[in-house]
Amino acid sequence: MDLRDWLGEAVDSVHRWQSEYPPFETHPSLRISDERFATAFAAFADRMRGNYPYFHPLYAGQMLKPPHPAAVAGYVAAMLVNPNNHALDGGKVTSEMEKEVVGELAGMFGLQTHLGHLTSSGTIANLEALYVARELHPDRGVACSADAHYTHARMCGVLGMPATAVGTDAAGRIDLDALDELLAGGTIGTVVATAGTTGLGAIDPVHDVQAIARRHGVRVHVDAAYGGFFTLLAGANGRAGLDPRPWRAIAHCDSVVVDPHKHGLQPYGCGAVLFADPAVGRFYAHDSPYTYFTSDELHLGEISLECSRAGAAAAALWLTFRLLPPTADGLGQVLAACRSAALDWAELLSASGRLRLYQRPELDIVSYFPITAGPRLSAIDHASGRMLADGMNDAQRPVFVSTLTVSADAMTRRHPSVVADRDGARILRSVLMKPESESYVDDLHARLEELAGR
Ligand SMILES: Cc1ncc(COP(=O)(O)O)c(C=O)c1O
């Protein structure tokens, strides 16, 4: 699809709808001449050139990529209407779309019943899950792994709940023995299992976490903000297939968060939280004298902590799911290519004389570090930092990766030959979240080897 054509159609479709209402003049205070706009837009476009090229496979740094053109066209068309999914009168059509896509997400995780909604981010989605956790267990805290996203501890602070970090094993997954021991103490009300950690893409064994938690009468929330759509590869044939057990267990947990603005091809402003028990909606009960007046049907604001939310985010996801649904044959194919790219690069790294694989990728995040003359943490840290900067600053042939700070303990458990002459070190990390990375791995690897050899 040619985005230029479809952006035109997005604008035209809205104009056609608008023309069904009586005409009126735009207020003079809002009128801008094309000439003035051209000047401002040229300055704007020039500023935007300063971005890193998130669209290109040579950008293999953070979880960043442009949305699918279908999402852009849907977002623009809906944004021109600018519905607000807080209440049905503000987002009449897009609230319905939101309920439909949330239903599709619930189906993707195999939830038998659900209550859920989109949010403006993964952080807010997790905040909502933690808020419900606190309402259900006001006297108990939250446990998550030391590698869980940093916002869990922060949001627990916002909610006035203690957060306890549980150690990880040598693959970056939550330590089950330590978790069992902690839960036996009776101070924890909810465990957060991460299905795809931000740093390494490690998958906590949700099925084991769930079994332990149930034994202790503790709830389970799954943070699948980044990893959630990989459930489409659970049990799939071929090398991209994933162990289905953690993913299938999500259906039996209490809540789950997934971010369509990460692996769901959406622009930022699209997270989602789903609860297995619709009765938790009671914790959202509130009075709003100026909203909820058009219908007795559920207004999404009645079950979310946020008030205004972009109906355009729901519209973009709805349109995208018509074309690339959250199924193994739809979005699953995109995820499979990303995971294959990570596995391919891991193979190249394993055979490299200049770079070393930090740990085998479970999803599409590859972690690695330069082989230095003396295998000391200080040397690895220095060389990683240099490679990051050299790659980004090379005007002719740039390459973009990211760094991840790992502790001395985490490194030596995986690589006992490394000398821990300091507390931790930066290593290199690449998120291969564009399916096009699959055909670019050789180039990326060659470029990184070159940088390591400098
Ligand atoms: C596992 C996980 N949880 C939560 C978040 C926070 O999501 P957001 O940046 O959308 O607020 C992230 C972001 O990378 C994440 O990877």
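About the criteria used
Residues numbered from 1 in each chain as written. Predicted model: local features only at pLDDT ≥ 70, side-chain atom pairs only at ≥ 80, totals over all residues. Heavy atoms only, no water. Pairing = 2+ DSSP bridges. Helix = DSSP H or I, 4+ residues; strand = E, 2+ residues; numbered from the N terminus. Axes fitted to C-alpha atoms, helices over the stretch in contact; angles between N-to-C directions. Contact = heavy atoms within 4.5 Å. Core = buried A, V, L, I, M, F, W, Y, C linked by side-chain atoms within 4.5 Å. Buried < 20%, exposed > 50% of the residue type's maximum accessible area, 1.4 Å probe, protein only. Phe/Tyr/Trp six-rings, centres within 6.5 Å; stacked < 30°, edge-to-face > 60°.

Asker: Help me understand the sheet that holds strand β5 (residues 219-224) in this model?
Answerer: Neighbouring strands of a sheet are bound in pairs by backbone hydrogen bonds; such pairs are parallel or else antiparallel. Pairing is mixed across the open sheet formed by seven strands, whose spatial order is β1-β7-β6-β5-β4-β2-β3. Of all strands in the sheet, those with a lone pairing partner are β1 (115-119) and β3 (163-166), marking the two edges. Direction aside, neighbouring strands of the sheet carry axes that sit 20 degrees apart on average. The sheet contact formed by β1 and strand β7 (residues 271-275) spans five bridges and is antiparallel. For H117, the partnering residue across the bridge sits in β7 and is V273. Contacts between helix α4 (residues 92-109) and the sheet are confined to β1, β6 (255-258) and β7, with β1 contributing the most and set at about 115 degrees to the helix.

Asker: I keep staring at the nonpolar core and nothing clicks. Help me out?
Answerer: Across soluble globular proteins, nonpolar side chains show a tendency to be buried alongside one another. Grouped together as the largest cluster of nonpolar side chains are 57 residues, with contacts concentrated most on V222 and W247. Counting residues per element, this core draws most heavily on α4, which supplies six residues. Contacts of V222, omitting those with residues within four sequence positions, involve A193, A195, V206, I250, C253, S255, V256 and V257. Judged by nonpolar contacts, the second largest core, of 24 residues, contains V142, L159, M161 and F275.

Asker: Please clarify how the packing of aromatic side chains should be interpreted in this entry.
Answerer: The geometry of an aromatic ring pair is captured by two quantities: the separation of the ring centres and the angle between the planes. Within the structure shown, the criterion is met by nine aromatic pairs. Here F41 and F44 contribute two aromatic rings whose centre-to-centre distance is 5.3 Å and whose plane-to-plane angle is 50 degrees, an arrangement assigned as tilted. With F41 and F44 both in helix α2 (residues 34-48), this residue pair falls three residues apart, about one helical turn. Of the residues examined, F41 reaches a relative accessible area of 41% and is grouped as partly exposed.

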